[in-house]
Amino acid sequence: MKKTILTILMIAAAITTAAAQPRAAGIRIGATGLDASYQHTMNSTQFIGADIGLDFGYNANGYLEMSDGFIDVSKNSIWMLIGVKTSRAETPGHGVVHVKGGRMVHNSVGFGVNGGDSYGHFRVSGGVVSNTTLIVGKSLYAPTSGGEGTVTVDGDGELSVKGYAQLGAMSNSVSILNLNGGDFRPFAIQVLTNRCQMSGAGVDSFCEFLEGANNPVYVNFNGGRYSPSIEWSSRDWMSSRVRRYTVFAGGAAIDTGAYPRELHGILKAPTGNGVKSIPFSCDEPWRYIGSPYVKIVDPAGTGYGASAFAEFDSVNGTISGVTVISPGCDYSEETYAEIAFGGWTNTVRVTAEVAPNDLSGGFTKYGSGELQLTAAGDWHGVTAVKEGKLSFYVENALPNTAGYDISAGASVDFRGLPHGGGSLAGAGVLIGDYELSGTFTIDANDIIAGRCMTVNGNLNIAPGTRLVVKNAELLSEKFVSKAVLKVQNGTMTGTLDFDVSSIPVLSALRKDDSTLRLGSVYGTTVVIR
């Protein structure tokens, strides 16, 4: 395979804007037998524009790294394809696009991150990408072997989709969505579960929307936020056809917006072994012209959902290492990674390091709407409610959560249903009886503003439960006694332990019938139980 630093196939004649910036009817980076790379580092006045489409890996291999500037594929655009095979006779495409900064706009049909004999990885770790539709796993013909389409949002990247994020759009293909940071803002997540059948001479195809197609879809949370804009209160905002939503150690965040939404028990903790690292070893790393595709293979056939990304150093033209984006679940000790393409003909095969997955992280709710837990969820970290209300509609909806962090103005409502206890934090409202243990945490800013945690029900504080004040240095030497935790329509049993040394001013924790108050004192500090 010939190493070509830059090859751009323009479908129609290029035109030049008044600002002398490139615009073409269509651009394909990596087309039919050629490898091509466009390392895109620009200032804010530069851009690439295409009126029909901009493809990476069109029956070939194409790569893009964007660190700044503006890519505009918004006028009459048909597709932006990342790794595509257009017919059975063609070579599978492999496309890797990494947006680190700048802005990319695609206002027509949208991205097609391909599976189906081909592989595509679209990663947004910085900047802003906005488009109309995101289709993962799309293929232009019915494949005979599986491919993979992966989308990753991490760092402080933002990926906005005006339409659905359509996953699993092709049978025999794997679709993976990794939410590791930043914000993913589609209309909603939708699984197409379609099956394509060959027709005619075996080149063209037609697709039907059928259940049971072999197109597994995995959505992995590890610190990212999902912010759907769909207005419906039904379950369609987060498709139940996804084979697994997994909450890894970084936790999950969902913004409900202003709408009531159901969360029907689909967020699960990781199981078994995950891929922890992929040691990259290559004697000639300079042979690459862009990020190669990393394919994780488990010969035992038990592992699923893992993905990784080869970090390309565009300054030195080398691969600096491989980042595990998602560890996945249930991988065997025989798991390995194939690092292929990227402008080099050799495929590097390395043994992946697997180890038991860490416990899942917590869950954070944003948005003023109510999030209704209609089936049991499974995450082990703290459940944080920043805005709106989190309501239980089933017994023991969160059996493994470590506790609740409820911000001022937000609430958790157990609705009289059985539930677990644990730690507590914040200055919001908890409706229902609660068994408090471990720690109660409040921010000094809330204390100063006169805000405190309110439990509307009976509160039992386990022995040894500690009061923790965040940003305690903000408290003045003579701050007035303020409520930190109070009970309404119930009784408070027990009290909090308080470490005087944790606050830089002399303070005392006092308890009356239903309220714990913290304030500065002169002389000896006394804890009244």
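This structure is a prediction, so every number in the text was calculated from the model and none was measured.

What counts, and at which threshold
Residues numbered from 1 in each chain as written. Predicted model: local features only at pLDDT ≥ 70, side-chain atom pairs only at ≥ 80, totals over all residues. Heavy atoms only, no water. Helix = DSSP H or I, 4+ residues; strand = E, 2+ residues; numbered from the N terminus. Contact = heavy atoms within 4.5 Å. Pairing = 2+ DSSP bridges. Axes fitted to C-alpha atoms, helices over the stretch in contact; angles between N-to-C directions. Polar contact = N/O pair within 3.5 Å; in protein donor to acceptor, adjacent residues only side chain to side chain. Buried < 20%, exposed > 50% of the residue type's maximum accessible area, 1.4 Å probe, protein only. Salt bridge = Lys/Arg side-chain N within 4 Å of Asp/Glu carboxyl O.

Novice: Just give me the short version of the environment of Ile 503, but keep the residues and values in it.
Specialist: Counting through the fold element by element, Ile 503 comes out in the loop between strand 50 (497-498) and strand 51 (507-511). In this structure, the C-alpha to C-alpha distance between Ile 503 and Ala 472, residues 31 residues apart in sequence, is 5.5 Å. The residues touching Ile 503, leaving out its near neighbours within four places in the chain, are Val 469, Ala 472, Leu 475, Phe 498 and Leu 518.

Novice: So what's going on with the sheet that holds strand 33 (residues 336-341)? Residues and values would help.
Specialist: One open sheet accounts for three strands, arranged 30-33-34; its pairing is antiparallel. Of all strands in the sheet, those with a lone pairing partner are strand 30 (293-297) and strand 34 (344-351), marking the two edges. Adjacent strand axes in the sheet meet at a mean angle of 20 degrees when their direction is disregarded. For strand 33 and strand 34, the ladder comprises five bridges, and the chain directions are antiparallel. Its bridge partner being in strand 34, Phe 341 is matched across the sheet by Trp 344.

Novice: Lay out the environment of Glu 353 with the relevant residues and their values.
Specialist: For Glu 353, the position within the fold is in strand 35 (residues 353-356). Distance from Glu 353 to Ile 278, taken between C-alpha atoms, is 6.2 Å for residues 75 residues apart in sequence. In this structure, Glu 353 is in contact with Gly 274, Val 275, Lys 276, Ser 277 and Pro 279, ignoring residues within four places of it in sequence. Engagement of the side chain of Glu 353 in a polar contact is seen with the side chain of Ser 277, the distance being 2.5 Å.

Novice: How would you sum up the pairing of strand 10 (residues 103-106)? Please name residues and give values.
Specialist: Pairing between strand 7 (residues 70-72) and strand 10: three bridges, direction parallel. Across the sheet, Phe 70 pairs through a bridge with Arg 103, a residue of strand 10.

Novice: Can you break down the pairing of strand 31 (residues 307-313) residue by residue, with the values?
Specialist: The element strand 31 is largely enclosed, with a buried count of six among its seven residues. In this sheet, strand 32 (residues 318-326) lies alongside strand 31 in antiparallel orientation, the contact comprising seven bridges. Bridge pairing links Ser 307 to Ser 326 in strand 32. Between the end of strand 31 and the start of strand 32, which pair antiparallel, lie four residues, with Gly 317 showing a positive phi angle near 70 degrees.

Novice: Give a description of the sheet that holds strand 52 (residues 515-520) that names residues and reports values.
Specialist: Paired through their backbone hydrogen bonds, the strands of a sheet run either parallel or antiparallel. Taken in spatial order, the nine strands make up an open sheet running 27-37-39-41-43-45-48-52-51, and their pairing is mixed. Of all strands in the sheet, those with a lone pairing partner are strand 27 (261-264) and strand 51, marking the two edges. Averaged over all pairs of adjacent strands, the angle between strand axes in this sheet comes to 15 degrees, irrespective of strand direction. Taken together, the four bridges between strand 45 (residues 453-456) and strand 48 (residues 482-488) define a ladder with parallel strand orientation. Bridging across to strand 48, Thr 454 finds its partner in Lys 486.

Novice: Lay out the pattern of salt bridges with the relevant residues and their values.
Specialist: Within the structure shown, the criterion is met by seven salt bridges. Of the charged contacts, one joins Asp 446 and Arg 451 as a salt bridge, the two residues approaching to 2.7 Å between their closest N and O atoms. Given a relative accessible area of 13%, Asp 446 falls into the buried group. The salt bridge involving Arg 517 is made with Asp 512; its shortest N-O contact spans 3.5 Å. For Arg 517, a relative accessible area of 33% gives the class partly exposed. Through salt bridges that share partners, Arg 123, Asp 154 and Glu 311 make up one connected network.

Remember, this is a structural readout, not a statement about activity or role.
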